[in-house]
Amino acid sequence: MKEGMKVLDLGANIGMFALSALERGASKVYCFEPVKATYNCLMLNALRFDDNRIETFNIGVSDKTGTATFFLHTDWTHNGGSKMQSLERANETSFYTENCAMIDVVSLFNDPVWGDVDFLKIDIEGAEEVVLKNLPDIALERLKCIAGEFHCHDEEFQAFQDNFIQRCHGFGFQSYVLYQ
């Protein structure tokens, strides 16, 4: 994070990354979080900054504009981990579902405000592949940094990740992959 960067935070959750970005010098953070309960916490955390450097949107990001059903696989003992029902895996228990508004990533990056960012943070509980496959070249031309937490670890996803990293290298990115 460099001083003055504008950040797009996809899967903002309750805003911890956004708050950290501001502490590190970001000039603006656009936070997208689709699930209402989580979004409400995000809004409260954003209020810590009364200078409008954090803007929050109760919208998810995918490959299509419309709505998607999200489910939460915990019993609210922690806030987060909700994902699109279409990405549900076998043996996952759903404690809560909600229909959420969605915007497609191409429209997001074609927007003159939201698309004019330097830093992309993406942590969208398994939908990273859907979004990044559709990320337009114009986004990769203008972005200076991408940070992501990816939520799939099978051979097909590994091939996607390798291809995406190579695509980013074509736009001058250096990459670092960390595993827990």
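1. Comments concerning the packing of aromatic side chains
- Within this structure, the stated rule accounts for seven aromatic pairs.
- Judged by centre distance (5.8 Å) and plane angle (40°), the ring pair of phenylalanine 17 and phenylalanine 119 falls under tilted. With phenylalanine 17 in helix α1 (residues 16–23) and phenylalanine 119 in strand β8 (residues 119–122), this residue pair connects regions lying 102 residues apart in the sequence.
- Here the aromatic rings of phenylalanine 57 and tryptophan 114 are separated by 4.9 Å at their centres, their planes lie at 75°, and the arrangement is edge-to-face. Highlighted residues: phenylalanine 57 in strand β3 (residues 54–57) and tryptophan 114 in the loop between α3 (105–110) and β8, separated in sequence by 57 residues.
- Overall, the relative accessible area of 17% leaves phenylalanine 57 in the buried class.
- By relative accessible area, tryptophan 114 is classed as buried at 15%.
- Pairwise contacts between aromatic rings join Phe150, Phe157, Phe160 and Phe164 into one cluster.

2. Description of the sheet that holds strand β2 (residues 28–32)
- As summarised here, the arrangement of the five strands in space is β3-β2-β1-β8-β9, forming an open sheet in which the pairing is parallel. Each having just a single partner strand, β3 and β9 (145–148) make up the two edges of the open sheet. Here the strands of the sheet are splayed against their neighbours by 15° on average, with no regard to which way each runs.
- As judged from the four bridges shared by β2 and β3, these two strands associate in the parallel manner. Note on β3: the bridge partner recorded for cysteine 31 is threonine 56.
- Each of β2 and β3 is contacted by helix α2 (residues 36–46), which is oriented at about 165° to β3, the strand it contacts most.

3. As for unusual backbone geometry
- Positive phi is not limited to glycine here, since asparagine 13 has a value of about 55°.
- A residue is classified by how much of its surface remains accessible, and asparagine 13, at 23% relative accessible area, is partly exposed.

4. Here's the deal with helix α6 (residues 155–169)
- With 15 residues, α6 should cover 21 Å at 1.5 Å per step; its first-to-last C-alpha distance of 21 Å lies within 8% of that length.
- For α6, the complete set of buried residues consists of Phe157, Phe160, Gln161, Phe164, Ile165 and Cys168. Take α6 and look down its axis: the buried residues cluster within an arc of 135°, on one side only. The exposed set on the far side of α6, more than 90 degrees from its buried face, consists of Glu155, Glu156, Asn163 and Gln166.

Calculation notes
Residues numbered from 1 in each chain as written. Predicted model: local features only at pLDDT ≥ 70, side-chain atom pairs only at ≥ 80, totals over all residues. Heavy atoms only, no water. Phe/Tyr/Trp six-rings, centres within 6.5 Å; stacked < 30°, edge-to-face > 60°. Helix = DSSP H or I, 4+ residues; strand = E, 2+ residues; numbered from the N terminus. Buried < 20%, exposed > 50% of the residue type's maximum accessible area, 1.4 Å probe, protein only. Pairing = 2+ DSSP bridges. Axes fitted to C-alpha atoms, helices over the stretch in contact; angles between N-to-C directions. Contact = heavy atoms within 4.5 Å. Expected span 1.5 Å × (residues − 1). Arc of directions from axis to C-beta.

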